[in-house]
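Each chain, written out:
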Amino acid sequence: MSDNPVLLAEERTEFGKGAARRTRRAAKVPTVLYGHGAEPRHLDVPAHDLFLIVRGTKNALVELKIEGKSQLALVKEVQVHPVRRNILHADFLAVKADEKVDVEVAVIVTGEPAPGTVHTVEEFTILVKAPATAIPESLEVSIEGVEAGSAVRVADLVLPTDVEVELDPETVIVSVQEAAAEQKEEAAEADAEADAE
């Protein structure tokens, strides 16, 4: 558990908008911990520490220290102020190190399709079942050399060990089609400029 960032959490005894505002003024974020059939627990965690953990990371795994006891938890949802961008609220899912969890993982497209083609991403995230302690940051989909009229499907994914996708194997993730005439001209011009340099 020590590999995961630690958040010191306090049980919250006051509820409502006024209490939430007081919590935020004290540089803390009101949160809820749920899961494993237990009653939801209302907690306050340090705002800056939580921001550093979730910044640029989806599905962050943390170790919550609550009254001296540790609880492994997955950051499930973070509400951010639309203007100030500070965290208003967060939900944590209690997990065990040896269990699998359902999480959305980003799709990263790599490579270039065949000349004269363009690609369209059909699925930007994919729901996977992964070990709580080994959630992939993203799934790479290579379209290197893929011809027009082809597609990369769920069945084509190379998944990390112990990670499963429950989508239909025929679900299209990225499709490749012939570029329109003006796109071909732009690509040809770009190539000509590159050759001239």
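Per an unreviewed UniProt entry, the protein is named Large ribosomal subunit protein bL25, and its organism is Schaalia meyeri. Looking at the Sequence similarities (unreviewed entry) heading of the UniProt record, one finds this comment for the protein: "Belongs to the bacterial ribosomal protein bL25 family. CTC subfamily."

K.L.:
Teacher, can you tell me more about the pattern of salt bridges here?
P.N.:
Note that side chains of opposite charge can pair when their charged atoms are close. Summed over the entire model, instances satisfying the criterion amount to seven salt bridges. For the salt bridge of K129 with D102, the shortest nitrogen-to-oxygen distance reads 3.2 Å. Placement of K129 in strand 9 (residues 125-131) and of D102 in strand 7 (residues 100-110) is noted, with a sequence separation of 27 residues between them. For K129, a relative accessible area of 22% corresponds to the partly exposed category.

K.L.:
How do you make sense of the pairing of strand 9 when you look at a structure like this?
P.N.:
Across a regular strand the side chains alternate sides, sitting on one face of the sheet and then on the other. Looking at chain direction, strand 7 and strand 9 are connected through seven bridges and run antiparallel. For V101, the partnering residue across the bridge sits in strand 9 and is A130. The pairing of strand 9 with strand 12 (residues 164-165) spans two bridges and is classified as antiparallel. For V128, the partnering residue across the bridge sits in strand 12 and is V165.

K.L.:
I tried to follow the sheet that holds strand 12 on my own but got confused; where do I start?
P.N.:
For sheets, the rule is that strands pair by backbone hydrogen bonds, running either parallel or antiparallel. Strand order in the open sheet made by the four strands is 10-7-9-12, with mixed pairing throughout. A single partner strand is all that each edge strand has here, and the edge strands are strand 10 (138-142) and strand 12.

What counts and what doesn't
Each chain carries its own residue numbering, running from 1 in the direction its sequence is written. With pLDDT at 70 or above as the cut-off, local features in this predicted model cover only qualifying residues; side-chain atom pairs require 80 or more to be listed or tallied, and sums for whole chains, interfaces and linings still use all residues. As a convention, hydrogens and water are excluded, and side-chain values are obtained from all of the structure's heavy atoms. UniProt positions are given in the numbering used here, feature names are shortened, and annotations may be inferred rather than shown by experiment. Every case where a carboxyl oxygen of Asp or Glu lies within 4 Å of a side-chain nitrogen of Lys or Arg is listed as a salt bridge. Per the convention used, a helix needs a DSSP run of H or I reaching at least four residues, while a strand needs a run of E reaching at least two, with both numbered from the N terminus. Accessibility here uses a 1.4 Å probe with only protein chains present; expressed as a share of the type maximum, an area under 20% marks a residue as buried, one over 50% as exposed, and anything in between as partly exposed. The pairing criterion is simple: DSSP has to find at least two bridges between the two strands.

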